[in-house]
Each structure stands twice: as structure tokens, then as C-alpha cells.
Amino acid sequence: MKQNALLAKSIKEGDEAAFELFFRAEYNNVVTFLNRYLRNSLLAQDVAQESFIALWQKREQIDAAGNIRAYIFTIARNRALNEMALKIKPNALHPVFPS
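On a predicted model such as this, the values are computed, not experimentally measured, just so you know. (Residues numbered from 1 in each chain as written. Predicted model: local features only at pLDDT ≥ 70, side-chain atom pairs only at ≥ 80, totals over all residues. Heavy atoms only, no water.)

Here the protein chain shows a mean pLDDT of 89. Residues at 70 or above account for 88%. Note on residues 95-99: pLDDT under 50 across the span, and zero contacts to partners over four residues away in sequence or across chains. (pLDDT = per-residue confidence, 0-100. Contact = heavy atoms within 4.5 Å.)

Set out below in C-alpha cells:
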């Protein structure tokens, strides 16, 4: 747990090496997790990349005492749900059989 907090603190402070270490350790786990939602491995990889980018861009908001692993999975899940909603909305707006 202390190692996780140290990693979170380092990333929050802008340590690129710490972020790369975290990325390498968790990327495949996040992709696997996302693939359960999206059922598309390429889309899961894209959403995982976007999730890590979002984490880096909002690193100042990281709770250094919190669980950064849970945080990246929350970001990823929310992005997957948004992606799924985007796929549903166009179908709801357009009839299946155009007149």
C-alpha cells in the first residue's frame, strides 16, 4: 500500500518515470478490463490509452494517499460507458429501416 501511495505521489508531482512504470504495470490489465465492457480489443486499447492520457493530464488531482490503481480503472470504466452510450445514441436517433 505504501508503494502505491508513493507512486501516486510521484505521478502527481509530474514524475514521468513513475508514470511510465505505472503504465507498463497496468496497461494490459486495463485493456483486459475494458474488453469485458466493449468486446472489441482495438477499441479497448484505444480507450485504455485515452484513460492513461486523462490520468496524466489530471495528475494534479490525484489523491496521493488514495489508490491510483482504482483511480485508473474508474477513469477507464467511465470512458468505456461513454463509448457504449455513443454507440447506442446514433441507433436510437435513426430508424433501423429508413423510409
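After that view of the structure, there is still more to cover.
The next thing to look at is helix α3 (residues 41-57). Taking 1.5 Å of rise per residue, the 17 residues of α3 would be expected to cover 24 Å, and the 24 Å separating its terminal C-alpha atoms lies within 8% of that figure. Inspection of α3 places L43, A44, V47, A48, S51, F52, A54 and L55 among the buried residues, and these make up the whole buried set. A side-chain oxygen of the first residue of α3 lies 3.1 Å from the backbone nitrogen of L42; this N-cap is N40. (Helix = DSSP H or I, 4+ residues; strand = E, 2+ residues; numbered from the N terminus. Expected span 1.5 Å × (residues − 1). Buried < 20%, exposed > 50% of the residue type's maximum accessible area, 1.4 Å probe, protein only. Polar contact = N/O pair within 3.5 Å; in protein donor to acceptor, adjacent residues only side chain to side chain.)

Maximum bend of helix α2 (residues 16-38): about 45 degrees, positioned at E26. Among the residues of α2, those classed as buried are A18, F19, F22, E26, Y27, V30, V31, F33, L34 and L38. Residue D15 occupies the N-cap position of α2, its side-chain oxygen lying 3.0 Å from the main-chain nitrogen of A17. Looking one or two residues past α2, R39 carries a phi angle of roughly 50 degrees, positive in sign. (Bend = angle between axes of the 7 residues up to and from the residue.)

Our next topic: the environment of R79. Tracing the sequence through the fold places R79 in helix α4 (residues 68-93). Residues within four places of R79 in sequence aside, it is in contact with V47, E50, S51 and A54.

Attention now moves to the environment of I72. As for its position among the elements, I72 is in helix α4. Under the relative-accessibility criterion, I72 is labelled buried at 0%. Linking I72 and Y27, residues 45 residues apart in sequence, is a C-alpha distance of 9.7 Å. Ignoring sequence-local partners within four residues, the contact set of I72 consists of F22, V30, S51, F52 and L55.

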